[in-house]
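# Survey of secondary and tertiary structure
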Amino acid sequence: MYIFVIMAFILISPVIGIVISVLLFAQKHFSRLSAIIFGTSMALMMYCYIPDSGNDIFRHFISMNSYKNIPLWQCFGNSTFQSGVFTWDLWLWVMARFNNMQLLQASGAFVAYTMLTWMIFDFACLNCLKMKQWITTLLIGVTIVPILDIGIGIRYANAFIIAGYAFYRHYIKNIGIIQTICVLLAAVFLHHAIIPIIVAWVALPFFSKHKGICTLATVVLLSLFTGYVQTVRIGSTDTIVGMLCNSVIGTTQVYTSYAVTSFHSLFTRYLQMIFAGALLTRPYVASSKGDITQNSKLWNLSYIVFIVGASMSFNLGSNGNRFFVMSMLLSLISFAQSIEKRPFLDKRKCCCLDIAIVFCAAGSFALYLYNMNWGNGSLASFLLGGIAAPLMMIP
């Protein structure tokens, strides 16, 4: 019975739903249910959001129209904008049954925030974290990925969170390699930016033993690739591997040709770089003599992805910054464990790093809200939807 009462509160006011999600987990430790409530609340707020007419969601909606009148088995490879995004083909085919752009953007928010909060809640349960510890991790976690990228861009943000979910289950829940690869493939076929992360994961055993050499090699090779990608010739696309490789090369060529160097872009780059660096460094500083014994593989993977982001952001602009987001997602678990050893904002070893994390998290969240009001986008619609969603849904 209380489930129906909770859902009624969520439908009336998603902000109340978010509060209920947190309180429910604090009292009952229902990680799945709490995450679903959180994701549903954010989805309702995103449903009410009125985006700028130049945002990706309008391109997605146009693409979605081509999936309306075709059977499921014909939807794969149907995308008019990019090939080899089979997960996205399936996503659009399902959403095309409803023919609702608001529902499409809400679906991105539901998937992303449900997965993200479940990882945090589940880890808190497994490690018996105190409320202060998991609340801190939750607040930091929801400021990592831009809200617009989750609900309006949809593809890359959700692909990164799905990949983070796969790595979490593999390293924390000890889920087998086959299931992990299957989830990673779903992420790859949602957005091909996952490919460098999978390469980093495969190279992780070698990287862990030779950090210095591998770091230097990664910086040099990626800098050369992104710097000279325009000279790379695109070859055959007859196989899945060839199609993916050519997609990565073609997309990189496009990104390097219009990399933006505005103040907004540069500010975002360095804000995310500092944010990711601080989250990555805190577990190292908090551990004894920099010896990260717990979840060292996740931390090492986060470190590699950070190097990838630093190497690519200068040539790819804001599109290279995405890898800082992935690095931060992978750092969250190590960050949560470091709070156990050294309390957050404690006046000792990690105080300066914690202050930097707070400023970066607050700055990122403020920047994301500012971006939601860009052009003819309406931040007010998002905020009012959080207070009283039914009123915003009335035509």
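Whatever comes next refers back to the structure up there.
Residues numbered from 1 in each chain as written. Predicted model: local features only at pLDDT ≥ 70, side-chain atom pairs only at ≥ 80, totals over all residues. Heavy atoms only, no water.

### A look at the overall build of the protein
Spelled out, the test is: Secondary structure elements are defined from DSSP: runs of H or I of at least 4 residues count as helices, runs of E of at least 2 residues count as strands, and each element is numbered from the N terminus. In this scheme, a residue with accessible area under 20% of its type's maximum is buried, one over 50% is exposed, and one in between is partly exposed, where area comes from a 1.4 Å probe on protein chains only. Residue contacts are counted whenever heavy atoms from the two residues lie within 4.5 Å of one another. Accessibility throughout is a Shrake-Rupley quantity obtained with a 1.4 Å probe, and a residue counts as covered only by protein chains that appear here.
Tallying secondary structure elements over the protein gives 20 helices and zero strands in all. Counting only residues that meet the buried cut, the protein has 55% of its 395 residues in that class. Long-range pairs, those at least 24 residues apart, make up 74% of the contacts in the protein with a sequence separation of at least 6. Entry remark: accessible area of the protein is about 17900 Å², with carbon and sulfur atoms responsible for 69%.

### Details of helix H9 (residues 155-171)
Our working definition: Expected span of a helix: the number of residues minus one, times 1.5 Å.
Here H9 is 17 residues long and its end C-alpha atoms lie 24 Å apart, about the 24 Å a rise of 1.5 Å per residue gives. For H9, the buried fraction is high: 17 of the 17 residues fall into the buried class.

### Observations regarding the packing of aromatic side chains
Basically, it comes down to this: Two rings from Phe, Tyr or Trp (for Trp, the six-membered ring) form a pair when their centres sit within 6.5 Å of each other. Planes less than 30 degrees apart are called stacked, planes more than 60 degrees apart edge-to-face, and all others tilted. Criterion for a charge above a ring: Arg CZ or Lys NZ at most 6 Å from the ring centre, at most 35 degrees from the ring normal.
According to the stated counting rule, one finds 17 aromatic pairs in the structure shown. Judged by centre distance (6.3 Å) and plane angle (45°), the rings of Phe-38 and Tyr-113 are tilted. Of the two residues, Phe-38 is situated in helix H3 (residues 31-48) and Tyr-113 in helix H6 (residues 101-126); the sequence distance between them amounts to 75 residues. Judged on exposure class, the residue Phe-38 and its partner Tyr-113 are both buried. Centre to centre, the rings of Trp-88 and Trp-91 are 5.8 Å apart; their planes meet at 55°, and the pair counts as tilted. Pair noted here: Trp-88 and Trp-91 are both in helix H5 (residues 86-96), with a separation of three residues, about one helical turn. For the pair formed by Trp-88 and Trp-91, the shared burial category is buried. Among the aromatic residues, those joined into a cluster by ring pairs are Phe-25, Phe-121 and Trp-134. The ring of Trp-93 carries the charged tip of Arg-97 above its face, separated from the ring centre by 4.3 Å. In this structure, Arg-322 packs its charged tip against the face of Tyr-156, placed 4.5 Å from the ring centre.

### Comments concerning the layout of surface pockets
A probe as big as a water molecule, rolled over the atoms, marks out the empty space that is left. To keep things clear, this is the line we draw: Grid points spaced at 1 Å over the protein atoms alone were grouped into cavities, where a 1.4 Å probe fits but cannot get out, and pockets, open sets with protein on both sides within 12 Å along at least five of seven lines, with lining residues defined by an atom within 4 Å of a point. Grid points are joined across faces, edges and corners, and a volume is the space filled by probe spheres set on the points.
Size it by volume and the second largest pocket reaches roughly 460 Å³. Along its surface, the second largest pocket is lined by 23 residues, and Phe-38, Leu-139, Val-142, Thr-143 and Phe-365 are the ones closest to its centre. Of all elements in the fold, only helix H2 (14-28), H3, helix H7 (131-141), helix H18 (351-372) and helix H19 (379-387) reach the threshold of two or more residues within the lining of the second largest pocket.

### Some thoughts on the pattern of salt bridges
Going by this rule: Every case where a carboxyl oxygen of Asp or Glu lies within 4 Å of a side-chain nitrogen of Lys or Arg is listed as a salt bridge.
Enumeration over the complete set of coordinates arrives at three salt bridges. For Asp-56, the salt bridge goes to Arg-59, with nearest N and O atoms at 3.4 Å. Taken together, the positions of Asp-56 and Arg-59, both in helix H4 (residues 56-65) and three residues apart, correspond to about one turn of that helix. Across the salt bridge formed by Arg-282 and Asp-354, the nearest N and O atoms sit 2.5 Å from each other. With a gap of 72 residues between them, Arg-282 in helix H15 (residues 263-286) and Asp-354 in helix H18 connect regions that are remote in the sequence. This pair shows no difference in class: Arg-282 is buried, exactly as Asp-354 is.

### Section: empty space enclosed by the protein
Taken as a whole, this structure holds four cavities of 30 Å³ or more when the rule is applied. In this structure, the largest cavity occupies an estimated 120 Å³ of space. Considering the residues around the largest cavity, the lining is formed by Leu-116, Met-119, Ile-120, Gly-164, Tyr-168, Leu-298, Leu-329, Leu-330, Leu-332 and Ile-333. Mapped by element, the contributors of at least two residues to the lining of the largest cavity are H6, H9 and helix H17 (322-341). Considering every element that reaches the lining of the largest cavity, the biggest residue donor is H17, with four residues.

### Considerations on a nonpolar patch on the surface
Worth spelling out the cut-off: Two distance rules govern patches: like charges are joined within 9 Å, and nonpolar side chains (Val, Leu, Ile, Met, Phe, Trp, Tyr) within 5 Å, applied only to residues with over 30% relative accessible area and no salt bridge.
Side chains of Leu-72, Trp-73, Phe-76, Leu-90, Val-94 and Phe-98 sit close together on the surface and give an oily, nonpolar patch of about 620 Å² of accessible area. Tracing the backbone through its elements, the reader meets Leu-90 in helix H5.

### Digging into the packing of H2 against H7
Defined as follows: A fitted line through C-alpha atoms represents every axis, and for helices the fit uses only the stretch in contact; the resulting angles, taken between N-to-C directions, go from 0 to 180 degrees. Geometric relationships in this document are graded by angle, where less than 35 degrees denotes roughly parallel, more than 145 denotes roughly antiparallel, 65 to 115 denotes roughly perpendicular, and other angles denote oblique. Take the far helix as the reference: if the near one is turned anticlockwise from it by less than a right angle, the crossing is left-handed, and if turned clockwise, right-handed. In the scheme used here, Gly and all other residues not listed as nonpolar or charged are polar, with Ala, Val, Leu, Ile, Met, Phe, Trp, Tyr, Cys and Pro taken as nonpolar and Asp, Glu, Lys and Arg as charged.
Relative to each other, H2 and H7 sit at 150°, their axes nearing to 11 Å. Between H2 and H7, the interaxial angle falls into the category roughly antiparallel. Of the two elements, H2 crosses H7, and the hand of that crossing is right-handed. On H7, the residues that touch Val-22, Phe-25 and Ala-26 of H2 are Met-131, Trp-134, Ile-135 and Leu-138. Its residues assigned to classes, the contact of H2 with H7 comprises seven nonpolar, no polar and no charged.

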